[in-house]
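The primary structure of each chain is shown beneath.
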Protein chains: 2
Amino acid sequence: MLIEIDNHSGVPVYKQIMEQIRLAILYGHLEEEEQLPSVRDLASELQVNPMTISKSYAYLENEGLLMRKRGKGIYVSSSSQQIKEEEKIKILEESMSVMMAQASQLGVPKAELKLLFEKFCKSYKAE
Amino acid sequence: MLIEIDNHSGVPVYKQIMEQIRLAILYGHLEEEEQLPSVRDLASELQVNPMTISKSYAYLENEGLLMRKRGKGIYVSSSSQQIKEEEKIKILEESMSVMMAQASQLGVPKAELKLLFEKFCKSYKAE
DNA sequence: TCTAGTGTATTAGTTAAATAATACACTAGA
DNA sequence: TCTAGTGTATTATTTAACTAATACACTAGA
């Protein structure tokens, strides 16, 4: 399990862990039903408390990405890959709509808006 | 000075104040060189500590929107209008950053993101 | 100079989020 | 049943951001 913690980033450890596991599932580095490291193993590896790992796992289960089984372990949800494209777009449309409304209210010209978007796109990475 | 504080929003008071003053300048409700309420007056009006007001003013001066003059008062910066454009972009960048983070988290491919943006652009009108 | 109005540096207190410690609960295989 | 491995509920501690208290510093006008 390749997880790296930056103690100087200001981002809480449990969130850093969540993000990296989330991406690992998204990128297919972790397969459905695959077992994840035990809270103690990962905690030992990352030099943090097992409860911190448990917290990350708990949130990810709540998102539907993991399954927690007491006494057994943590597994990638069997439906983790079933998040529909349409659903993603729907959520994103709402987010983009808010941003565009803000831009409009500020009177930012379309050309400028496009330039800014391009700038963000350059450093954008997903999948 | 019309500033409203929502004590249940979770947003720090000094940030709420900053945002409202920033927008007041941006929208032209406050003119260059105009004097703002003293830290004590505004503190009394909003039922907070004067240092909280001072903190808001300090950050806004740092952004170039205000000038602080010890013993005299707080004034809208004479170059505030020149900073307007930069400020607008700054606000918009924050909004766009949130949207892009959302997209990234959802694993939306860059190409798809661009398509969606184009779609929104077509109906975009800046006042 | 004096006073009443400005802002502010320093310090202390408060609060909520994050992390850790401990003891407990569940599971599977010997 | 026993044991060694899982996860976790509860509680305490730590940390950083925020807010407040206090005392001080500056300005202008009487």
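Above this note sits the structure.
Residues numbered from 1 in each chain as written. Chains lettered and ligands numbered in written order. Predicted model: local features only at pLDDT ≥ 70, side-chain atom pairs only at ≥ 80, totals over all residues. Heavy atoms only, no water.

Novice: Could you give an account of the packing of helix α1 (residues 13-26) of chain B against helix α3 (residues 50-62) of chain B, naming the residues involved and the relevant values?
Specialist: Residue and element names in this part refer to chain B. Where α1 contacts α3, the two axes come as close as 9 Å, and the packing angle between them is 50°. Put simply, α1 runs oblique to α3. When the axes of α1 and α3 are compared, the crossing they make is right-handed. Taken together, the residues of α3 that come into contact with α1 (itself represented by V13, Y14, I17, M18, I21 and R22) are T52, I53, K55, S56, Y57, Y59 and L60. Looking at the contact of α1 with α3 residue by residue, the class counts come to 9 nonpolar, 2 polar and 2 charged. (Axes fitted to C-alpha atoms, helices over the stretch in contact; angles between N-to-C directions. Helix = DSSP H or I, 4+ residues; strand = E, 2+ residues; numbered from the N terminus. Parallel < 35°, antiparallel > 145°, perpendicular 65-115°, else oblique. Left-handed = near helix turned anticlockwise from the far one by under 90°. Contact = heavy atoms within 4.5 Å. Nonpolar A, V, L, I, M, F, W, Y, C, P; charged D, E, K, R; others polar.)

Novice: Before we move on, can you summarise the environment of V11 of chain A with the specific residues and values?
Specialist: Along the chain, V11 of chain A turns up in the segment before α1 (13-26). Spatially, the C-alpha atoms of V11 of chain A and S97 of chain A are 27 Å apart, while their sequence positions differ by 86 residues.

Novice: Which residues make up the side chain of S56 of chain A, and what values do they have?
Specialist: Residues and elements named next belong to chain A. Positionally, S56 belongs in helix α3 (residues 50-62). Its relative accessible area of 0% is what places S56 among the buried residues. Excluding its chain neighbours within four sequence positions, the residues that come into contact with S56 are Y14, I17 and M18. (Buried < 20%, exposed > 50% of the residue type's maximum accessible area, 1.4 Å probe, protein only.)

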